[in-house]
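# Examination of the molecular architecture
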Amino acid sequence: MRNRVLLEVLGIRYTHSQAQVGAYVLILGEVNSIRRIRIIIGTSEAQSIALQLEEITPPRPLTHDLFCMFANEFNIHLKEVFINKFDDGMFFSELLFEDGSVEKIIDARTSDAIALALRVKCPIYTTEEIMRQVGEVFEEDLEQEEVIMEEENPTTLDELQKQLQEAIQNEDYELASAIRDEINRREEDNVNN
């Protein structure tokens, strides 16, 4: 088998490219290395991944949550995600499932595979060949830029918590993610001061 490289999800960024309007960049990094790969993903997959990274639980399960609940009910476990191919600008992935006695490999879009891997906390791999082909070394600050909310910044964390709950109930997960970031930033500031 080809030399495999263990990856971790480092973050998601909105792409400002006119050729890919409404797309996001998923950034994966080689564990214990500074090599990275960037994968263009759609809005719904970015939202699903961002919610999991931010540990936000929607009031109703999203598609990836539902899939994981279904698999779990039937004792099927996702063991790993393998980004096995890069061709013509597109990444291809495989999901390795097992039910205790049988292992099965299923083809998947890479964005869906990552969303599932984050939920079940299974490893994500790629090949050394793919890392050599599209991997890059960059040391950008991957923290999200400060988000300016529509109304003036609320004066209390309680008000932010209320806004967060409202955004989740309204299924406005992008706003919920931004509010969660602001809450985390303020809590860190309080700890550091």
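Quick summary incoming for the structure in this document. (Residues numbered from 1 in each chain as written. Predicted model: local features only at pLDDT ≥ 70, side-chain atom pairs only at ≥ 80, totals over all residues. Heavy atoms only, no water.)

### Quick word on the sheet that holds strand β8 (residues 136-137)
Paired through backbone hydrogen bonds, the strands of a sheet run either parallel or antiparallel to each other. Strand order in the open sheet formed by eight strands is β6-β5-β4-β7-β1-β2-β3-β8, with mixed pairing between adjacent strands. Each of the sheet's edge strands pairs with one partner strand only, and the pair in question is β6 (103-109) and β8. Of the strand pairs in this sheet, strand β1 (residues 4-14) and strand β7 (residues 124-127) are connected by four bridges, and their pairing is antiparallel. Within β7, the residue paired with Leu 6 across the bridge is Tyr 125. Helix α3 (residues 110-120) rests against β1, β2 (24-30), β3 (35-41), β4 (77-87), β5 (90-98), β6 and β7 of the sheet, and its axis sits at about 150 degrees to β4. (Pairing = 2+ DSSP bridges. Helix = DSSP H or I, 4+ residues; strand = E, 2+ residues; numbered from the N terminus. Contact = heavy atoms within 4.5 Å. Axes fitted to C-alpha atoms, helices over the stretch in contact; angles between N-to-C directions.)

### Some points on unusual backbone geometry
With a phi angle near 60 degrees, Asn 32 is a residue other than glycine that sits in the positive phi range. On the secondary structure map, Asn 32 appears in the loop between β2 and β3. For Asp 88, which is not a glycine, the phi torsion comes out positive at approximately 55 degrees. For Asp 88, the position within the fold is in the loop between β4 and β5.

Nothing here speaks to function; it is all geometry.
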